[in-house]
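# Residue-level structure breakdown
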Amino acid sequence: MAEDNSNNTQQEEVQTPVKQKNKTGFYYSFLTLVLLFCLIQIGFGAILNISKTISYRAKISTLTKIRDSAENQNQELKQDIKLFSSTQSLEGIARNNLKMAGEDEVLVLINNNQPQTTKHKKHKKHNNNKKK
């Protein structure tokens, strides 16, 4: 019986390292899966950030172009305001665009762009065919 007890303890000692190897193998495979999942998440995050960066840069460039054109238009409008504030420029606009004349002036308009039209009347012939 003493021999049976010693055999049982030897079998238990042999089974214990095998169980530990299985547990550590499971832990390593689980950690490997977790790390792969983390790497995939990092990859997707990097791709999304790069695509957002590219799209934001494109939007920024279009907005700067719009801003520059608006600033140029602002400068032109400010110059127009300065020009139109003087009485001489207002008088010139009134004479040229609005066809107005000053005091003691006669305004004569000659329109050369008007095409000459000739009226052609179409004469319809009425055929009176009498039956014989």
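This text follows the structure it describes.
Quick caveat, the model's predicted, so the values are computed rather than measured. (Residues numbered from 1 in each chain as written. Predicted model: local features only at pLDDT ≥ 70, side-chain atom pairs only at ≥ 80, totals over all residues. Heavy atoms only, no water.)

## Notes on the overall build of the protein chain
Secondary structure summary: the protein chain contains two helices and zero strands in total. Put simply, the protein chain has 132 residues, and 1% of those count as buried. (Helix = DSSP H or I, 4+ residues; strand = E, 2+ residues; numbered from the N terminus. Buried < 20%, exposed > 50% of the residue type's maximum accessible area, 1.4 Å probe, protein only.)

## Digging into the pattern of salt bridges
What the rule picks out here adds up to two salt bridges. One salt bridge connects Asp68 with Arg67, and the closest N-O pair in it is separated by 3.3 Å. You can call Asp68 partly exposed: its relative accessible area is 35%. The partly exposed category is assigned to Arg67, whose relative accessible area is 46%. Residue Arg67 pairs with Glu71 through a salt bridge whose shortest N-O separation is 3.9 Å. Pair noted here: Arg67 and Glu71 are both in helix 1 (residues 2-84), with a separation of four residues, about one helical turn. Beyond isolated ion pairs, a larger network of salt bridges with shared partners links Arg67, Asp68 and Glu71. (Salt bridge = Lys/Arg side-chain N within 4 Å of Asp/Glu carboxyl O.)

## So, a nonpolar patch on the surface
A cluster of nonpolar side chains, Phe26, Tyr27, Tyr28, Phe30, Leu31 and Val34, forms an exposed patch at the surface whose accessible area comes to about 680 Å². Inspection of the secondary structure assignment puts Phe26 in helix 1. In this structure Phe26 comes out as exposed when scored by relative accessible area, which is 54%. (Patch = residues over 30% accessible without salt bridge, like charges linked within 9 Å, V, L, I, M, F, W, Y side chains within 5 Å. Areas by Shrake-Rupley, 256 points an atom, 1.4 Å probe, with all protein chains shown as cover.)

## Some thoughts on the packing of aromatic side chains
Following the criterion strictly, the structure yields one aromatic pair and no others. Aromatic pair Phe26 and Tyr27: ring centres 6.1 Å apart, planes at 55°, arrangement tilted. (Phe/Tyr/Trp six-rings, centres within 6.5 Å; stacked < 30°, edge-to-face > 60°.)

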